[in-house]
Amino acid sequence: MDRIADIWGPRTPHPRGTVWPARVDRHLQEGVAEEDVDRWVRSACVLCSNGCGCEIAVRDGRMVGVRGVATDVVNHGRLGPKGLYGSWPWANSADRLTRPLVRENGRLVETDWATAMGRIAEVSRRLLEEKGPLSHGFYTSGQLFLEEYYTLAVIGKAGLGTPHMDGNTRLCTATSAAAFKESFGTDGQPGSYTDIEHCDALFLFGHNMPETQTVLWARVLDRTRADDPPKVVCVDPRRTEAAAEAERTGGVHLAPRVGTNVALMNGLTRELFESGRVDTDWVERRTLGVEDLRATVEPYTPEETARICEVDAEDVRRAARIFGESDRVLSTVLQGFYQSHQATAAAVAVHNLHLLRGMIGRPGAGVLQMNGQPTAQNTRECGADGDLPGFRNWSNPAHVRELARLWNVDEMTIPHWAPPTHALQIFRYAEQGSVGLLWISATNPAVSMPESARVRRILGGEQCFVVVQDLFLTETARLADVVLPAAGWGEKTGCFTNVNRTVHLSEKAVEPPGEARSDLDIFLMYADAMDFRDKDGAPLVTWRTPEEAFDAWRECSRGRPCDYSGLSYDKLRGPTGIPWPCTDEHPEGVDRLYGDGVFNTDPELCETYGHDLLTGGTVTPTEYRAKDPAGRAFLKGAPYVPPHEEASEEYPLLFTTGRTVYHFHTRTKTGRSRELNDAAPDVWVELSVPDARRLGVTEGDRVRVESPRGAMEARARVGQVAEGAVFAPFHYGPGDPDEAVPEDFSRQANELTMTAWDPVSKQPYFKTAACRVVRVADGGGPAPAPTTAASRPVAPSVPPTRGGPGAATSAEVAADTPGYPNDPAQAPAGDGHIAEVAAPGRS
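The following refers to the structure shown.

**Regarding the sheet that holds strand S1 (residues 26-28)**
- Taken together, the four strands give an open sheet; going across it, the order is S1-S4-S3-S2, and neighbouring strands pair in antiparallel fashion. Unpaired on one side and paired on the other, S1 and strand S2 (39-44) mark the two borders of the sheet. Each strand axis lies, on average, 25° off the axis of its neighbour in the sheet, ignoring direction.
- In this sheet, strand S4 (residues 62-68) lies alongside S1 in antiparallel orientation, the contact comprising three bridges. If you follow Arg26 over to S4, its bridge partner there is Arg67.

Dropping the structure here:
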């Protein structure tokens with residue numbers, strides 16, 4: 001089966017309320033058959049946030065393939081294209097980092113571990129003596145293991161005492177955590193993937209699930225293609241496969257103008273009130289704030305919402321009616337909301353819809369505020385992103401004392417005098433030199449952070465000593481003062497937790513190359529070099545192995561909402577991952593949270609006292625206690641305000657970034673997979689048919705996209721994006737993974753994005769930047785964009801994605817699509833939503 005062309009695999013439809021049928025997907029290195037495999041090692045896939053259970057094929061000490069685990073609750077044996085083709089080939093790449101590097105006379109040169117770590121410890125001790133702990137900053141990932149995050153959190157918070165700790169999860173999932181805290185008191189997904197089997201309607205808010213969680217979308221398709229399908233409602237400015245499925249199931253595709261999500265959500269919420277579809281008894285008993293919310297959304301009639309968002313007023317009414325008339329709605333949310341204007345307010349508004357209808361904590365009725373990375377949940381739980389471990393509250397002295405007792409340190413060592421420092425602020429401090437040591441692990445901010453030219457200047461400057469630990473000499477590593485070679489997935493042991501709280505154990509399958517070491521061992525080496533001690537003079541970090549670190553974390557989590565106390569390595573070696581909380585009371589974990597209608601808002605339990613969603617102003621402990629939440633959820637709203645940067649005469653279009661199904665983050669792994677790289681080998685820019693016509697651009701022309709901050713150049717895909725919007729994938733750095741990186745950064749979408757962030761979640765705005773597009777030249781052929789998903793072209797003359805004989809031909813796409821034009825120039829201008837020229841969903 002060619003899973004480049006057939007992304008979601010064959011359908012296994014089944015009725016509502018029945019178990020999703022199992023189907024085992026596998027892929028082995030060319031020339032290797034199953035009987036050639038020496039052993040299969042249990043793990044879970046780390047190339048999206050789904051967390052699919054899998055097994056790694058090992059032959060002659062090398063990873064040579066992967067297969068799904070049929071008994072795993074997450075994926076029932078399925079794997080997506082990235083997992084199948086990209087999870088393991090990178091490990092055998094010739095350009096792996098195998099020895100530490102240090103900068104000498106402006107060049108990175110190989111050295112030994114003692115020299116590299118000695119240099120780090122020397123700078124670290126000097127800065128502590130000269131400036132104190134605020135001189136240290138840590139920027140980590142959503143791709144390490146739980147044990148590594150917890151170790152880093154202890155080092156940073158109890159060893160050094162710095163609040164400057166965050167991860168690239170700030171770029172993709174910070175709003176998820178913030179929204180949960182604002183509505184329910186603490187982080188933690190209320191819903192479950194199993195809700196797909198039970199729901200009457202599925203709402204996708206800014207979530208291109210077909211490309212970001214391919215296995216989860218296969219799960220959806222197996223319900224929508226059954227005889228009793230749920231209706232799908234999709235909110236996205238592009239006509240994705242989810243949008244096409246919405247139309248097929250009798251749902252709605254709402255394509256709001258970029259940056260207007262809160263106005264749309266206020267319109268939907270008002271319609272629930274106006275139509276009398278609010279469960280008033282449940283709301284009165286289980287929530288606070290309903291009258292304030294009603295007043296906030298009152299101005300957003302369907303007509304006013306349509307005016308602001310540039311959608312049809314009847315579509316707003318129809319979407320609200322589907323939500324209001326369904327007994328069980330599952331909502332999912334991702335970057336279209338998180339990385340856009342008023343992010344936390346928009347995400348919280350999704351919770352409001354569910355709370356108003358009392359649809360939470362029961363089968364088919366729930367919320368999944370999705371993550372973008374496989375272990376983002378662990379970053380948040382363990383405190384490596386700035387939060388206190390175990391969902392503890394920085395502003396609650398009792399929570400700080402708990403950690404101080406656990407770690408046996410003075411509670412004043414743990415930085416809690418102010419909110420933790422978010423990633424963009426950490427980089428600002430590094431730019432100014434107040435952070436003199438910045439340690440970056442398993443991420444590539446030189447490509448992934450907004451306003452990337454500025455980030456490169458920060459990393460390459462003399463004002464800050466930069467440490468990078470990674471698998472390859474990434475664009476970021478090339479700017480570092482010390483580079484540490486790390487072991488990757490399959491080369492070390494550890495646990496990770498996916499979007500719906502399911503914990504998996506990933507066993508070590510092979511040895512890492514050369515002198516590469518696990519991230520856990522690297523952090524332990526630093527702790528030893530710095531000789532961190534508790535207040536009795538004993539070593540602060542007492543564990544040496546992943547399992548010992550996991551056991552320490554179990555104790556840290558005990559009694560907290562993310563309770564791991566009932567889990568162990570032996571238990572996780574069973575047939576499936578297990579969702580937390582897992583305790584003596586719930587030995588097999590808990591599938592859904594809040595089934596009893598009691599939320600984590602008690603002042604002694606909650607993770608935050610809350611914020612004003614419009615300004616980010618904090619609620620004081622006294623103000624919070626005065627509300628007497630007593631386990632009730634908060635209904636919170638905010639009026640719509642225009643984004644920081646709107647279209648203008650000089651920059652008449654709005655630039656938005658996103659992902660493609662074939663790549664993950666900055667392509668460190670997926671770019672080294674032949675199959676995935678061939679499917680999406682280079683960056684592209686998507687324009688709508690009307691905008692392309694006005695600009696004189698046709699498929700494949702080379703265009704330059706400019707914002708007030710920078711520019712990029714790419715070939716144009718005339719496709720499915722809404723009129724007035726310009727889309728580009730953010731995955732592409734200046735060079736291919738197997739080439740020397742040139743000094744040309746024109747492939748980077750983040751040259752254009754801005755250093756601005758949501759006032760509550762502090763997540764940067766990747767989705768709202770004003771831009772202009774200029775045709776540069778004939779591109780000499782079509783854009784390198786895939787033809788299989790949301791980036792498909794409107795012109796049937798475009799050859800299909802390189803992916804083997806299973807790829808659909810343009811003629812087949814055209815034949816499937818009523819009214820599909822033969823050429824973009826013939827496409828009708830329409831109302832900007834180009835549904836009349838879009839290809840149907842393909843399964």
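The structure having been displayed, the exposition proceeds.
**Here's the deal with helix H5 (residues 174-184)**
- Of all eleven residues making up H5, eleven are buried, and the element is well covered by its neighbours.
- Taken as a whole, H5 has its buried residues at Ala174, Thr175, Ser176, Ala177, Ala178, Ala179, Phe180, Lys181, Glu182, Ser183 and Phe184.
- Those residues of H5 hidden inside the fold are in contact with helix H4 (169-172), helix H14 (335-338), helix H15 (343-357), strand S14 (366-369), helix H16 (376-382) and strand S21 (633-634).
- In the stretch just after H5, Gly185 is the one whose phi turns positive, near 100°.

**As for the packing of aromatic side chains**
- Tallied over the entire structure, the rule returns 23 aromatic pairs.
- Measuring from ring centre to ring centre gives 5.1 Å for Phe203 and Phe323, while their planes differ by 75°; the resulting arrangement is edge-to-face. Here Phe323 lies in helix H13 (residues 313-325) and Phe203 lies in strand S9 (residues 201-205), a separation of 120 residues in the sequence.
- When the ring of Trp439 is compared with that of Phe523, the centres are 6.2 Å apart and the planes differ by 55°; the resulting orientation is tilted. Here Trp439, found in strand S15 (residues 437-441), pairs with Phe523, found in helix H21 (residues 519-530); they are 84 residues apart in sequence, far enough to count as distant. As far as burial versus exposure is concerned, Trp439 and Phe523 are alike and both buried.
- Through successive ring pairs, a cluster of aromatic residues spans Tyr150, Trp543, Phe550, Trp553, Tyr564 and Tyr569.

**Concerning the pattern of salt bridges**
- Taken as a whole and assessed by the stated rule, the structure comprises 66 salt bridges.
- Note that Glu34 is salt-bridged to Arg67, the shortest N-O span being 3.2 Å. Note that Glu34 is positioned in the loop between S1 and S2 and Arg67 in strand S4, a separation of 33 residues in sequence.
- Of the charged contacts, one joins Arg248 and Glu245 as a salt bridge, the two residues approaching to 3.2 Å between their closest N and O atoms. Taken together, the residues span about one helical turn, with Arg248 and Glu245 both in helix H8 (residues 241-248) at a distance of three residues.
- Arg248 sits in the partly exposed class, given a relative accessible area of 46%.

Reading guide: rules and limits
Residues numbered from 1 in each chain as written. Predicted model: local features only at pLDDT ≥ 70, side-chain atom pairs only at ≥ 80, totals over all residues. Heavy atoms only, no water. Pairing = 2+ DSSP bridges. Helix = DSSP H or I, 4+ residues; strand = E, 2+ residues; numbered from the N terminus. Axes fitted to C-alpha atoms, helices over the stretch in contact; angles between N-to-C directions. Buried < 20%, exposed > 50% of the residue type's maximum accessible area, 1.4 Å probe, protein only. Contact = heavy atoms within 4.5 Å. Phe/Tyr/Trp six-rings, centres within 6.5 Å; stacked < 30°, edge-to-face > 60°. Salt bridge = Lys/Arg side-chain N within 4 Å of Asp/Glu carboxyl O.

So far we have only geometry, and geometry alone does not tell us how the molecule works.
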